[in-house]
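These are the residues of each chain, in order.
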Amino acid sequence: MKCTLWFRVAAVASVLGAGGPGGAAWAAEEKAEPTPGSIKVGCIFSVTGPAAYLGAPEKKTAEMLVEKINAAGGVLGRKIQLIVKDSEGSPERATSFAHQLIEEESVLAIIGPSTSGESLAIKNICQEGKTILLSCAAAEKITDPVAPYVFKSAPKDSYAAQWIYRTMKELGIKRIGILASNDGFGLAGRDQLVKYAPQNEIEIAASEVYDKATTDLTGALNKLQGQNVQAVVNWSIVPAQALVAKNMRQLGFDVPLFQSHGFANIQYVRAGGAAANGTIFPAGRLLIADLLPDNHPQKKLLMEYKKDYEARYHEDASNFGGHAYDALTILTAAIRNAGSTDREKVRDAIEKLQGFVGTAGIFNFSKEDHNGLDMTSFEMLTVKDGKFTFYKRN
Amino acid sequence: MPIDQIAQYCFSGITVGSIYAIVAIGFNIIYNTTGVINFAQGEFVILGAMTAISLAAWMPLAIAIGLAVLITALIGGLVELIFIRRVKRPTVLRLIIITIGVSILLRETMLHVWDEKVHALPFFTGTEVSSVTLLGAHTSPQVLWVLGACALIVAGLSLFFKFTAPGRAMRACAANRTAAQLCGIKVRWMVTASFMLSAGVGALAGCVTSPVTQTQYDMGAPLAIKGFTVAILGGLGNSVAAVAAGLLLGLLEAFSISLFPLAYQDVVAIVVLLAVLCFRPSGLFGRRDAHVSGEF
């Protein structure tokens, strides 16, 4: 029966297509050599797969920083041993890696995961395993409600949403359309936009969710155009960010395009080409570090990280790598302050960190705030002639 | 719905549909000579685009694309020589599983050779911001290149299969393998040639679509699924039907957006695939006996 054969083929193919082949585990299987006396730190990053934009710079940053720390004598005289796992952006893989790191490797802390969906998937596992989690993802829910062992180094998406609305108010925009990718980051961001719309007097005329592997958004944009929106907000971390910009120009859809802090990666600007110019988005200060005044508290740190990263990897540093940088420096600072690697003591020490300068902003942790960042961690930026610059209000 | 919005949906549908159609045509070429569905077809598309993007840094765009098509065709031939030809007892299902393996292998190799980042070829005419107006709908000039390439590929392949000796030989292999062999046709090499041809067609598709859809190492699998749906919908082996089916699916998907949330777009494709497999396994345009040539 040919019919059933094709059925089977279609089934096999769709499983492979949807789940992604398991072949990319190459980066994950770096066997952990036990170094006596070292402090074990686990990392779960989506080094490959659709969120590789986040995971790859995070892994590179973590490795670079640990080398630097160890070369300077380590922490409390002990070296840090990184165990990096590649989750390929899949919450299922992140979950099994979290179990592995906690139960088999008994790590002190886990850095990552890169995406919000993965972070939420392992939040409870880390809490129950009493292992410190320093997530590099944006979603609010990671640290709200607070789980005692769960922290995050990336700024909250609600700040990004509020910055966008603040800018819209200045431009007199009242009616908007939202596009979001169908993943943790996109959906969480859309929820924040919906939540803060009424108090900013913004009407959401249409809201669409697209597959993260999409290659064409003209249909969805056409729908938004039909609703006569005054601006489009796209919330995602996937390559579709460049696609939205291109498709809008292609359709002659001439309204301001706002994007989330996920756009803060020069690669999207390159992929979007001339279409990326004029995109308005909130982001941390790493991208425009050289434009900061010399007395800005973050300037020195940002310039140093940027220089080290770019000299070593010959690619542009991104905020996402910065989140891994912050997570690691927060952890090592807490270990130093606690004077021990007892999980409970290190956890308490993180909660006590005040005025800690990171790449994402100035962290002020407390029992209630496991993110430590505030609205000032973002700036509104735009793209001009293929380069990031401050968004100047008219 | 205002008329220019309808025109716009049509254009979106036709653009996406013609991309599906070219991938489906790649499936058909190999199916015609071997009875096998090559699930690495999507990877050929990405490989072609990636190669062209790298080469374009060194040479004019047209030459880079030509070379990329050639290189991908050679790799397609190699895939056949290394993986398909050596199978001791080739059954259709076994070969299909091998092509799925090859697709994973190609994908991971591309990840190592290039990187995980998104790339794009420059626009052939105009830039990212150019827009042309046709029948009230706005579109990128690159979309016209895509449509043109699709038409060219279909016309070229029809002529090739009808009027040239190798084309006829390939069709002979499909119609009756033993008879073709008795006529002196080197069936084995025809299979290799079909892999090269479909890889080349895929690569060309990858190059013309890259400026608008962008290219990333892992974009092949979703493309292959859609292409497969279209190939089945049109009737396996029939390239003109694949174009019709591709446009049909593209239009269905585009107009589904106007009624349902965008998130259900893929549901449309899968429902169509399941319905066709259940009620008309030979496809919309296929003859009922068209699907019996599947012995290798």
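Rules behind the numbers
All residue numbers refer to positions counted from 1 along the written sequence of the respective chain. Each chain gets a letter, beginning with A, and each ligand a number, beginning with 1, in the order they are written. Given that the model is predicted, a residue must reach a pLDDT of at least 70 before its local features are reported, and side-chain atom pairs must reach 80 or more before they are shown or counted; all residues, however, enter totals for whole chains, interfaces and linings. To get the side-chain values, take all heavy atoms of the structure and skip hydrogens and water. Note on contacts: a residue pair qualifies if any of its non-hydrogen atoms lie within 4.5 Å across the two residues. Joining two parts hides part of their accessible area as seen by a 1.4 Å probe, and the buried area is that hidden amount summed over both. By salt bridge we mean one thing: a side-chain nitrogen of Lys or Arg within 4 Å of a carboxyl oxygen of Asp or Glu. Helix numbering and strand numbering both begin at the N terminus, where a helix is a DSSP run of H or I of at least 4 residues and a strand a DSSP run of E of at least 2. Each domain span listed reflects an automatic or database assignment of domains. Nitrogen and oxygen atoms within 3.5 Å of one another constitute a polar contact, given that in protein one can donate a hydrogen and the other can accept it, and given that sequence-neighbouring residues count only through two side-chain atoms. When residues are grouped by polarity, Ala, Val, Leu, Ile, Met, Phe, Trp, Tyr, Cys and Pro land in nonpolar, Asp, Glu, Lys and Arg in charged, and all others, Gly among them, in polar. A residue's pLDDT is the confidence the predictor assigns to it, expressed on a 0 to 100 scale. Should DSSP find at least two bridges between two strands, the strands are regarded as paired. To obtain an axis, a line is fitted to C-alpha atoms, over the contacting stretch when the element is a helix, and the angle between two such axes runs from 0 to 180 degrees between their N-to-C directions. Think of it in three bands: residues with accessible area under 20% of the maximum for their type are buried, residues over 50% are exposed, and the middle band is partly exposed, with areas taken using a 1.4 Å probe on protein chains only. Reported orientations rely on four angle classes, namely roughly parallel under 35 degrees, roughly antiparallel over 145, roughly perpendicular from 65 to 115, and oblique for the rest. Whether a crossing is left-handed or right-handed is set by the direction in which the near helix is turned from the far one by less than a right angle, anticlockwise for left-handed and clockwise for right-handed. Using protein atoms alone on a 1 Å grid, points that fit a 1.4 Å probe yet trap it form a cavity, whereas open point sets bounded by protein on both sides within 12 Å along at least five of seven lines form a pocket; residues with an atom within 4 Å of a point count as lining. Grid points are joined across faces, edges and corners, and a volume is the space filled by probe spheres set on the points. We define the nonpolar core as a collection of buried residues of types Ala, Val, Leu, Ile, Met, Phe, Trp, Tyr and Cys that are connected through side-chain atoms lying within 4.5 Å of one another.

Listed by partner, the interface residues are 53 residues for chain A and 59 residues for chain B. Summed over both sides, the interface between chain A and chain B buries roughly 4400 Å², with carbon and sulfur atoms accounting for 66% of that surface. Our enumeration of links across chain A and chain B arrives at one salt bridge. Of the charged contacts, one joins Glu315(A) and Lys117(B) as a salt bridge, the two residues approaching to 2.9 Å between their closest N and O atoms. Mapped by element, the contributors of at least two residues to the side of chain A that touches chain B are helix H1 (2-19), helix H2 (52-71), strand E7 (203-210), helix H7 (218-226), helix H8 (240-250) and helix H9 (266-272) of chain A.

Below, the discussion takes up the domain arrangement of chain A. Reports often express the size of an interface as the amount of accessible area lost when the parts come together. Residues and elements named next belong to chain A. Split by domain assignment, chain A resolves into domain 1 (2-155 + 289-363) and domain 2 (157-283 + 379-390). Measuring from the centre of the C-alpha atoms in domain 1 to the corresponding centre in domain 2 gives 27 Å. Around 1600 Å² of area is buried between domain 1 and domain 2 when both sides are counted, 59% of it from carbon and sulfur atoms. Counting the contacts that link domain 1 with domain 2 gives one salt bridge. Taking the shortest distance from any N to any O, the salt bridge between Asp316 and Arg270 comes out at 2.8 Å. Taken together, the connections running from domain 1 to domain 2 amount to three residue pairs in polar contact (both at pLDDT 80 or more). Only H2, helix H4 (116-128) and helix H11 (319-338) provide two or more residues apiece to the side of domain 1 that touches domain 2. Residue composition of the side of domain 1 that touches domain 2, grouped by class: ten nonpolar, five polar and two charged.

In this model, chain A carries an average pLDDT of 87, and 90% of its residues clear a pLDDT of 70 or more. Highest mean pLDDT in chain A belongs to strand E4 (residues 132-135) of chain A (96); lowest belongs to H1(A) (52).

A separate point is the sheet that holds strand E3 (residues 109-111) of chain A. Two pairing modes exist for strands in a sheet, parallel and antiparallel, and in both the strands are linked by backbone hydrogen bonds. Residues and elements named next belong to chain A. Pairing is parallel across the open sheet formed by five strands, whose spatial order is E2-E1-E3-E4-E5. If you trace the sheet from one side to the other, it starts and ends with strand E2 (80-86) and strand E5 (150-152), each paired once. Sheet twist, expressed as the average angle between the axes of neighbouring strands with direction ignored, equals 20°. Both strand E1 (residues 39-45) and E2 contribute to a ladder of seven bridges, which runs parallel. Counterpart to Ile39 in the pairing with E2 is Ile80.

All names here are of chain A. By the element assignment, Leu291 lies in the loop between strand E10 (280-283) and helix H10 (299-313). Classification of Leu291 by relative accessible area gives partly exposed; the value is 43%. Put simply, Leu291 and Ile122 are 169 residues apart on the chain and 38 Å apart in space, counted from C-alpha to C-alpha. Setting aside residues no more than four positions away along its own chain, Leu291 makes contact with Phe388, Thr389 and Phe390.

Our focus in this paragraph is the packing of helix H10 (residues 239-259) of chain B against helix H11 (residues 265-279) of chain B. Residue and element names in this part refer to chain B. Where H10 contacts H11, the axes come no closer than 9 Å and their chain directions differ by 140°. When the interaxial angle is binned, H10 and H11 end up oblique. As H10 runs across H11, the sense of the crossing is right-handed. Each of Leu249, Leu252, Glu253, Ser256 and Ile257 in H10 lies in contact with H11, whose residues at this interface are Gln265, Val268, Ala269 and Val272.

Once that is clear, we can look at empty space enclosed by the protein. Residues and elements named next belong to chain A. With the rule as written, the count across this model stands at five cavities of 30 Å³ or more. By volume, the largest cavity amounts to about 190 Å³. Ala138, Ala154, His261, Phe320 and His323 are the residues nearest the centre of the largest cavity, which is lined by 21 residues in total. At the level of secondary structure, the elements contributing two or more residues to the lining of the largest cavity comprise H2 and H11. The element best represented in the lining of the largest cavity is H11, accounting for three residues. The residue inventory of the lining of the largest cavity, partitioned by class, reads twelve nonpolar, eight polar and one charged. Residue-level mapping places the lining of the largest cavity at the junction of two domains, with at least three residues from each of domain 1 (2-155 + 289-363) and domain 2 (157-283 + 379-390).

Another aspect to go through is the nonpolar core. Among the nonpolar cores identified, the biggest contains 66 residues, and Phe45(A), Ile111(A), Phe281(A) and Phe388(A) are the most heavily contacted of them. For this core, the element with the most residues is H11(A), which contributes nine residues. When residues of this core are sorted by domain, at least three fall in each of domain 1 (2-155 + 289-363) and domain 2 (157-283 + 379-390) of chain A. Beyond its immediate stretch of four places on either side in the chain, Phe281(A) contacts Gln259(A), Ser260(A), Phe263(A), Ala264(A), Leu287(A), Glu379(A), Met380(A), Leu381(A), Thr382(A), Val383(A) and Phe388(A). Of all hydrophobic cores here, the second largest spans 63 residues; its members include Val16(B), Ile29(B), Val154(B) and Ala269(B).

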